Amino acid sequence: LRPQWMWVMPLLIVVLIGLGIWGSSQAPGVSHRPFGPLDYGVLALGLILGAATGWWRGKMTTIERHADGTLKAQASPIGLILILGLMLGRRALAAWLEPHAADFGLSVLAVADAFLLFVAAMIVVQRLEMWIRARRILAGQTDDHVERLP
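The structure displayed is predicted, hence computed values, not measured ones.

Engineer: Quick rundown of the pattern of salt bridges? Include the residues and the values.
Structural biologist: Applying the stated criterion across every chain, the model contains one salt bridge. With a shortest N-O distance of 3.7 Å, Glu 129 and Lys 59 are connected by a salt bridge. Here Lys 59 lies in helix H2 (residues 37-60) and Glu 129 lies in helix H4 (residues 108-138), a separation of 70 residues in the sequence. Its relative accessible area of 9% is what places Glu 129 among the buried residues.

Written as structure tokens, this is what we have:
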């Protein structure tokens, strides 16, 4: 775990998902009606739930500190199982919600974008939480999920 490089993955994810959102809005045959308040609510919900999930993932990751000062991060097994369940649930919800979005007065594009924003927020906030914890550990402060190794 190298805190000085933890900004790279979130930057790549934000750029790629940003391009994905822009590209999906340019796709032929997709409804390009302006988003309404409910659509923006779905986008905000995707961001909020993704950020909460990312914070939880970052908080539950165990960081090992070696005697030479290097850090190693390891996700907890229960956390991996829960994230897998969450991702499968998100996938099932997307498969059901996207074809039925119009029934709820939502734009299909807003629903698809909300799932992309969920992933982006999850990755960015997870890395931010781990970066904060890694800096704290390197400064010699305590952390709930740290192991000191010989």
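Engineer: Before we move on, can you summarise the layout of surface pockets with the specific residues and values?
Structural biologist: Where empty space is left can be seen by rolling a probe of water-molecule size over the atoms. The computed volume of the largest pocket comes to approximately 250 Å³. Along its surface, the largest pocket is lined by 14 residues, and Leu 45, Gly 46, Leu 49, Leu 93 and Phe 115 are the ones closest to its centre. At the level of elements, H2, helix H3 (77-100) and H4 are the ones that each hand at least two residues to the lining of the largest pocket. In terms of residues, the lining of the largest pocket owes the most to one element, H3, which gives five residues. For the lining of the largest pocket, the class distribution of residues is eleven nonpolar, two polar and one charged.

Reading guide: rules and limits
Residues numbered from 1 in each chain as written. Predicted model: local features only at pLDDT ≥ 70, side-chain atom pairs only at ≥ 80, totals over all residues. Heavy atoms only, no water. Salt bridge = Lys/Arg side-chain N within 4 Å of Asp/Glu carboxyl O. Helix = DSSP H or I, 4+ residues; strand = E, 2+ residues; numbered from the N terminus. Buried < 20%, exposed > 50% of the residue type's maximum accessible area, 1.4 Å probe, protein only. 1 Å grid on protein atoms, 1.4 Å probe; cavity = no way out; pocket = protein on both sides within 12 Å on 5 of 7 lines; lining within 4 Å. Points joined across faces, edges and corners; volume = space filled by probe spheres on them. Nonpolar A, V, L, I, M, F, W, Y, C, P; charged D, E, K, R; others polar.

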